[in-house]
Amino acid sequence: MSRTRTALALGLAAAGALSVASVTATAAPLPLAGSTTVTPAGDSFKATLSGKATLKAGSVTVTCTVSVSTGTVPAAPGNHNADGPVSSPISPPTYSSCTSGIPGVTPTVTTSGSWSVSMQDGSPITATMTVPVGGLVVHTTGLATCTVTAAPSAPANVAASWVNGAPPSLTFANASVPVTVTGGFGCPTSATSSAFNAVYKVTDTTDPSQQITVGP
């Protein structure tokens, strides 16, 4: 592997980006995932945006200050996986109070389909949010009428990190999301990916005295 490709791979990993790359015959095998347990088993949870979420595709940056998603930890024994991550279905996250970085442009974010999030214990604890095909659409009106569609042709896995706490947090840091952009003047129609940034605080809605926890 050349020095340039090595530097690029390290840079993407440090940024927490999720990319699709070709696998060569000389690539080293990935390490086996360890066991994961999410507790309390069977409890429902709510993920609430802390601060703001941004989705940047080309020259268009959409910022939202309200976002919520809900889900349920799998009941035992499904909340434990001896060989890898534990996955939970979640509701399509809602996004509101959104603005655009371009004056005179108003964005609207809609979501749909079957979303999920998986947790993998480790140092750090990692998470993957799966966006279904066309599961997130940003439509802008005003000076630029654009449509940004996430996961346009296949479900997209969006990388995140998890930190146990009171409450725990789920963080997306420059996570890469495949997109297509359509529209006229002012729309970044050549963009094929977007960068997603957000921090969610997660609360146990079944028993608010408990914390959703990811462990081995």
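Let me sum up the structure you'll find in this document. This is a predicted model, so every value here is computed, not measured.

1. Details of the sheet that holds strand 1 (residues 36-39)
An order of 5-1-16 is seen for the 3 strands of this open sheet, with the pairing classed as antiparallel. Lying at the two open borders of the sheet, with one neighbouring strand each, are strand 5 (80-81) and strand 16 (213-215).

2. Notes on the pairing of strand 9 (residues 115-120)
Within strand 9, 6 of the 6 residues are buried, leaving the element largely enclosed by the surrounding structure. Covered by surrounding structure in strand 9 are Trp 115, Val 117 and Met 119 together with Ser 116, Ser 118 and Gln 120, the residues of both alternating faces. By the bridge criterion, 5 bridges tie strand 6 (residues 86-90) to strand 9 in an arrangement that is antiparallel. Within strand 9, the residue paired with Ser 88 across the bridge is Val 117. Where strand 9 and strand 10 (residues 125-131) come together, 5 bridges link them in antiparallel fashion. Along strand 10, the bridge assignment pairs Ser 118 with Thr 128. Connecting strand 9 to the next strand, strand 10, in antiparallel fashion are 4 residues.

3. Describing the nonpolar core
Membership of the largest hydrophobic core comes to 49 residues, with the highest contact counts inside it found for Tyr 95, Phe 172, Phe 196 and Tyr 200. In terms of residue count, the dominant contributor to this core is strand 14 (residues 169-183) (6 residues). With residues near it in sequence (within four places) discarded, Tyr 95 still touches Ala 53, Cys 64, Val 66, Ser 67, Val 109, Thr 111, Leu 136, Phe 196 and Tyr 200.

4. With respect to unusual backbone geometry
Cis geometry is found at the peptide bond from Ser 123 to Pro 124, where omega equals 5°. Structurally, Pro 124 is set in the loop between strand 9 and strand 10. Even without being glycine, Asn 174 reaches a positive phi, approximately 50°. Take Asn 174: it is sitting in strand 14. Residue Asn 174 is classed as partly exposed on the basis of its relative accessible area, which comes to 42%.

What counts and what doesn't
Residues numbered from 1 in each chain as written. Predicted model: local features only at pLDDT ≥ 70, side-chain atom pairs only at ≥ 80, totals over all residues. Heavy atoms only, no water. Pairing = 2+ DSSP bridges. Helix = DSSP H or I, 4+ residues; strand = E, 2+ residues; numbered from the N terminus. Buried < 20%, exposed > 50% of the residue type's maximum accessible area, 1.4 Å probe, protein only. Core = buried A, V, L, I, M, F, W, Y, C linked by side-chain atoms within 4.5 Å. Contact = heavy atoms within 4.5 Å.

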